[in-house]
Amino acid sequence: MTHSELLTPGLRVGLLGGSFNPAHEGHLHVTRMCLKALALDRVWWLVSPQNPLKSDAGMAPLATRLSDARGLVDKAGDPRIVVTDIETRLGTRYTIDTIEALKARHPGVHFVWLMGADNLIQLPEWARWRDIAEAVPIAVYPRPGYTLKARACPAAEWLKPATIDAGDAPLLAERTPPALVFLQGPEHSASATAIRAAAKERRK
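Residues numbered from 1 in each chain as written. Predicted model: local features only at pLDDT ≥ 70, side-chain atom pairs only at ≥ 80, totals over all residues. Heavy atoms only, no water.

Thoughts on the environment of W45
Here is step 1 of the chain: Turning to its location among the elements, W45 is positioned in strand β2 (residues 42-47).
Here is step 2 of the chain: Of the residues examined, W45 reaches a relative accessible area of 0% and is grouped as buried.
Here is step 3 of the chain: Considered as a pair, W45 and Q122 are 77 residues apart in the sequence and their alpha carbons are 20 Å apart.
Here is step 4 of the chain: Of the polar contacts made by the side chain of W45, one reaches the side chain of T31; its length is 2.9 Å. (Helix = DSSP H or I, 4+ residues; strand = E, 2+ residues; numbered from the N terminus. Buried < 20%, exposed > 50% of the residue type's maximum accessible area, 1.4 Å probe, protein only. Polar contact = N/O pair within 3.5 Å; in protein donor to acceptor, adjacent residues only side chain to side chain.)

Some thoughts on the pattern of salt bridges
Once their charged atoms are close, side chains differing in charge can pair, the charge on each being opposite to the other.
Here is step 1 of the chain: Tallied over the full model, the rule gives nine salt bridges.
Here is step 2 of the chain: With a closest N to O distance of 2.9 Å, D78 and R80 form a salt bridge.
Here is step 3 of the chain: Under the relative-accessibility criterion, D78 is labelled buried at 17%.
Here is step 4 of the chain: Taking the relative accessible area as the measure of exposure, R80 reaches 36% and is therefore partly exposed.
Here is step 5 of the chain: Notably, a salt bridge pairs D85 with R89, separated by 2.8 Å at the nearest N-O pair. (Salt bridge = Lys/Arg side-chain N within 4 Å of Asp/Glu carboxyl O.)

Section: the packing of aromatic side chains
Here is step 1 of the chain: Within this structure, the stated rule accounts for three aromatic pairs.
Here is step 2 of the chain: An angle of 15° between the planes, with centres 5.1 Å apart, marks the rings of F20 and W45 as stacked. With a gap of 25 residues between them, F20 in the loop between β1 (12-18) and α1 (25-37) and W45 in strand β2 connect regions that are remote in the sequence. Exposure class is identical for F20 and W45. Each is buried.
Here is step 3 of the chain: Ring centres 5.3 Å apart and planes at 65° place the aromatic pair W129 and W158 in the edge-to-face group. (Phe/Tyr/Trp six-rings, centres within 6.5 Å; stacked < 30°, edge-to-face > 60°.)

Side note on α1
Here is step 1 of the chain: Taking 1.5 Å per residue as the helical rise, α1 with its 13 residues ought to reach 18 Å, and the 18 Å between its terminal C-alpha atoms agrees with that figure.
Here is step 2 of the chain: Among the residues making up α1, those that are buried are G26, H27, L28, H29, V30, T31, M33, C34 and L35.
Here is step 3 of the chain: Buried positions along α1 lie against β1, β2, α2 (62-76), β3 (81-84), β4 (110-116) and β5 (138-141).
Here is step 4 of the chain: Within two residues after α1, A39 carries a phi angle of roughly 55°, on the positive side. (Expected span 1.5 Å × (residues − 1). Contact = heavy atoms within 4.5 Å.)

Given below as structure tokens:
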């Protein structure tokens, strides 16, 4: 465990999972939004060795993705944002396994799962997705083209009784899950897919 990963009971820690292929300004935008709206002490970027729902074609090596993400965060200069390869060290492939392992390692820490509106729509495809919702509160940040659709998706319907108002977002971290909040704020158009496509064009 690195020094930046030391957590004490009572801290509120957002977990932002993803391939970060590559990390970009959009990741920083949603991280800052979540830090403020949810009154978080930290946000961990969980750089995944390989997303089970994504092809590994075009996936940069883990070391490259970690290095690029750390470079971006160092430039941002916010010590509350931590880039970690904890999933690789834990040997976890699925989000639920990562969450359960982190909760066992850090009793008393208030973890919150951070996801985009596009991911909430896909949530029923994730392994044991209902267990995820029952393990940690979930905050959904707006994403261009998905924000309204997410509010009517099957996962949102299932979590409707556990959904709180955006104005109560600072209370989310300490709520007993299931608990869901749809955050409000400016959307960021950056996408890793578009960045990779642009890079490919430049190499031609």
